[in-house]
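# Per-entry structural report
Here's the letter readout for the chains.
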Amino acid sequence: SPVTIQKTFTSNHDAVNVTTKPLGDEVKALMGHWEDDFTFSPIRESQVSRAMTRRYFADLDAYAESDIVIVGAGSCGLSAAYTLGKLRPDLRIALVEAGVAPGGGAWLGGQLFSAMVMRKPADVFLREVGVPYDDEGDFVVVKHASLFTSTVLSHVLRFPNIKLFNATAVEDLITRPSADDSGIRIAGVVTNWTLVSLHHDDQSCMDPNTINAPVVISTTGHDGPMGAFSVKRLVSMQRLEKLGGMRGLDMQLAEDAIVKNTREIVPGLIVGGMELSEVDGANRMGPTFGAMALSGVKAAEEALKVFDL
Ligand code: AHZ
């Protein structure tokens, strides 16, 4: 049970009561006995390889036919994945992230500062996922952006129906003629390990892999070396005339616009987060993250319309 101890700091802090929680018995039993008969259980290297590759290739097999692909695991993509994973355990959801580390721009709050600001009503999402915050009236502050990102990520990774393929880039979109012949619908994604994608200029014969899915949610962030991927591809395949181009920073306007305009851009492709600012010519919001969380929730809601029919 918790123990309350008196602790006096030597700095200019007053003496405080600190409540400590005991470690579990199993970890406690290890401590202080490192010199005795401590040893790890035996293993052979091939067992490690097989434990990883068997699972990875089984996942590649299973998720080759997914219900939803989310492209980009930044704050918007992770929020969409959380919402879908919670609402629809029956759907198979592939989360494809080009970076080794999922999280996009949400490991820090802005510049290189720690805290993350969210304007209300995005505080509802923090309560949903269980992230504590300081309430400052019209907005709330999470003490570290990484606390938000790691918490949402840990929920997402625990859902049995979501597989994160990180270090994997979406290189193209799969298309089909639309039912009424008016154009195309998006029917999945073309993938490659990101390190392979980065070497198409100097290596040949590195054809990609594919994931079929009736719905793709693209949240690849604003334009940059990897960003705005799907909407740029829509322009080059002449399904969008041109991009509006992200406008300058206006926190007031930007956040409402991103959430309100999160939508299906062409049949089968829902765009959310800052990728959307490139389509509509919306302002950027800089270091306020409420719109990213709620755009993710809305993107999930839009995707589910396909399956609710
Ligand atoms: O690695 C990218 C990042 O983690 C990933 N991504 C981009 N292209 C990809 C591709 N295949 C797979 N072709 C890809 N993954 O997408 C993620 C995007 O995360 P993000 O944090 O950049 O975007 P977001 O829309 O979730 O959040 C944006 C938050 C803001 S607002 C803002 C500003 O106003 O300046 N800046 C940021 C970072």
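Placed above this text is the structure.
The structure reproduced in this document is the subject of the present report. (Residues numbered from 1 in each chain as written. Predicted model: local features only at pLDDT ≥ 70, side-chain atom pairs only at ≥ 80, totals over all residues. Heavy atoms only, no water.)

Here the focus is a positive patch on the surface. Judged by side-chain charge, R44, R50, R54 and R55 come together as a positively charged surface patch. Following the sequence through the fold, R50 ends up in helix α2 (residues 45–63). Look at R50 and you get exposed, because its relative accessible area is 54%. (Patch = residues over 30% accessible without salt bridge, like charges linked within 9 Å, V, L, I, M, F, W, Y side chains within 5 Å. Areas by Shrake-Rupley, 256 points an atom, 1.4 Å probe, with all protein chains shown as cover. Salt bridge = Lys/Arg side-chain N within 4 Å of Asp/Glu carboxyl O. Lys, Arg positive; Asp, Glu negative; His and termini not counted. Charge placed at Lys NZ, Arg CZ, Asp CG, Glu CD. Helix = DSSP H or I, 4+ residues; strand = E, 2+ residues; numbered from the N terminus. Buried < 20%, exposed > 50% of the residue type's maximum accessible area, 1.4 Å probe, protein only.)

Turning our eyes to something else, we now look at the pattern of salt bridges. Taken as a whole and judged by the stated rule, the model has eleven salt bridges. For R119, the salt bridge goes to E255, with nearest N and O atoms at 3.1 Å. Pair noted here: R119 is in strand β5 (residues 116–119) and E255 is in helix α8 (residues 251–261), with a separation of 136 residues, a long-range link. In this structure R119 comes out as partly exposed when scored by relative accessible area, which is 23%.

Attention now moves to the layout of surface pockets. Volume-wise, the largest pocket comes out at about 1000 Å³. Taken together, 44 residues make up the lining of the largest pocket; nearest its centre are G104, G105, T220, G221 and H222. Top element by residues in the lining of the largest pocket is strand β9 (residues 168–177). It accounts for four residues. Of the residues in the lining of the largest pocket, the class split is 19 nonpolar, 21 polar and four charged. The computed volume of the second largest pocket comes to approximately 190 Å³. Where the lining of the second largest pocket is concerned, the elements lending two or more residues are α2, β10 (184–193) and β11 (209–212). Counted by class, the lining of the second largest pocket contains seven nonpolar, five polar and no charged residues. (1 Å grid on protein atoms, 1.4 Å probe; cavity = no way out; pocket = protein on both sides within 12 Å on 5 of 7 lines; lining within 4 Å. Points joined across faces, edges and corners; volume = space filled by probe spheres on them. Nonpolar A, V, L, I, M, F, W, Y, C, P; charged D, E, K, R; others polar.)

Scope: geometric values only; no functional claims are made or implied.
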